[in-house]
Amino acid sequence: MSLRKSGLQKEVLALYRRALRMVRTKPVLTQPKFLLFVRYNFHTQASSVSPRNVAAIEHLIRRGRRQLEMYEQPSVRDCQISRAMSDWEQSRSGSRTTSQ
């Protein structure tokens, strides 16, 4: 049985899909960095706010849209990956391989 998604959930998913589409528009060599950037930011922002805090979620959606508009510009061809992002990716890939 499938649960219906709220309007807010649909907005978040639409923003995530738009961000993933943006990654595909970037140079092939930098796409993995953009993908990590998108995944890390969505994960950390989602875990930092309660699902019941609608005002905070709406604020994050607005902020995410503005940030995405900036990264969608053709002049943006690369992004900086922090040590925290790299560590997060390593911990995620390590936990996936040990659990399978």
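Residues numbered from 1 in each chain as written. Predicted model: local features only at pLDDT ≥ 70, side-chain atom pairs only at ≥ 80, totals over all residues. Heavy atoms only, no water.

### Quick notes on the UniProt feature "domain: Complex 1 LYR protein" (unreviewed entry) in the protein
Within the UniProt annotation, "domain: Complex 1 LYR protein" (unreviewed entry) is assigned to residues 10-70. Within the segment residues 10-70, helix and strand shares are 80% and 0% respectively, and the terminal C-alpha atoms sit 22 Å apart. (UniProt positions renumbered as here; feature names shortened; annotations may be inferred. Helix = DSSP H or I, 4+ residues; strand = E, 2+ residues; numbered from the N terminus.)

### Regarding the nonpolar core
In summary, soluble globular proteins display a tendency toward joint burial of nonpolar side chains. In terms of nonpolar packing, the biggest core is built from 16 residues, with Met22, Phe34, Phe37, Tyr71, Cys79, Ile81 and Met85 touching the most fellow members. Counting residues per element, the ones that place at least two in this core are α1 (7-24), α2 (31-47), α3 (54-71) and α4 (83-99). Per element, the largest residue contribution to this core is 5 residues, and it comes from α2. Setting aside its immediate chain neighbours within four residues, Phe34 contacts Met22, Val23, Lys26, Tyr71, Val76, Arg77, Asp78 and Cys79. Core analysis: the next-biggest nonpolar cluster, separate from the first, contains 5 residues, Val49, Ile57, Leu60 and Ile61 among them. (Core = buried A, V, L, I, M, F, W, Y, C linked by side-chain atoms within 4.5 Å. Buried < 20%, exposed > 50% of the residue type's maximum accessible area, 1.4 Å probe, protein only. Contact = heavy atoms within 4.5 Å.)

### Section: α3
For α3, with 18 residues, the first-to-last C-alpha span of 25 Å sits near the 26 Å given by 1.5 Å per residue. Taken together, the buried positions of α3 are Ile57, Leu60, Ile61, Gly64, Leu68 and Tyr71. Relative to the axis of α3, the buried residues are bounded by an arc of 105° and lie together on one face. Among the exposed residues of α3, those oriented more than 90 degrees off its buried face are Ala55 and Arg66. (Expected span 1.5 Å × (residues − 1). Arc of directions from axis to C-beta.)

### Looking at the packing of aromatic side chains
Taken as a whole and judged by the stated rule, the model has 4 aromatic pairs. Note on Tyr16 and Phe42: the rings are 4.8 Å apart at their centroids and 75° apart in plane angle, and the pair reads as edge-to-face. Separated by 26 residues along the polypeptide, Tyr16 in helix α1 and Phe42 in helix α2 bring together distant segments of the chain. A relative accessible area of 24% places Phe42 in the partly exposed class. Measuring from centroid to centroid gives 6.3 Å for Phe34 and Tyr71, while their planes differ by 80°, and the two rings are edge-to-face. In this pair, Phe34 is assigned in helix α2 and Tyr71 in helix α3, connecting sequence segments 37 residues apart. Just as Phe34 is buried, Tyr71 falls in that class too. (Phe/Tyr/Trp six-rings, centres within 6.5 Å; stacked < 30°, edge-to-face > 60°.)

### A look at the side chain of Lys26
Structurally, Lys26 is set in the loop between α1 and α2. Look at Lys26: it is buried, it has no salt bridge, and the nearest opposite charge is Glu72 at 8.5 Å. There is a polar contact of 3.0 Å between the side chain of Lys26 and the backbone oxygen of Gln73. Once residues within four sequence positions are removed from consideration, Lys26 is found in contact with Gln31, Phe34, Tyr71, Glu72, Gln73 and Val76. (Lys, Arg positive; Asp, Glu negative; His and termini not counted. Salt bridge = Lys/Arg side-chain N within 4 Å of Asp/Glu carboxyl O. Polar contact = N/O pair within 3.5 Å; in protein donor to acceptor, adjacent residues only side chain to side chain.)

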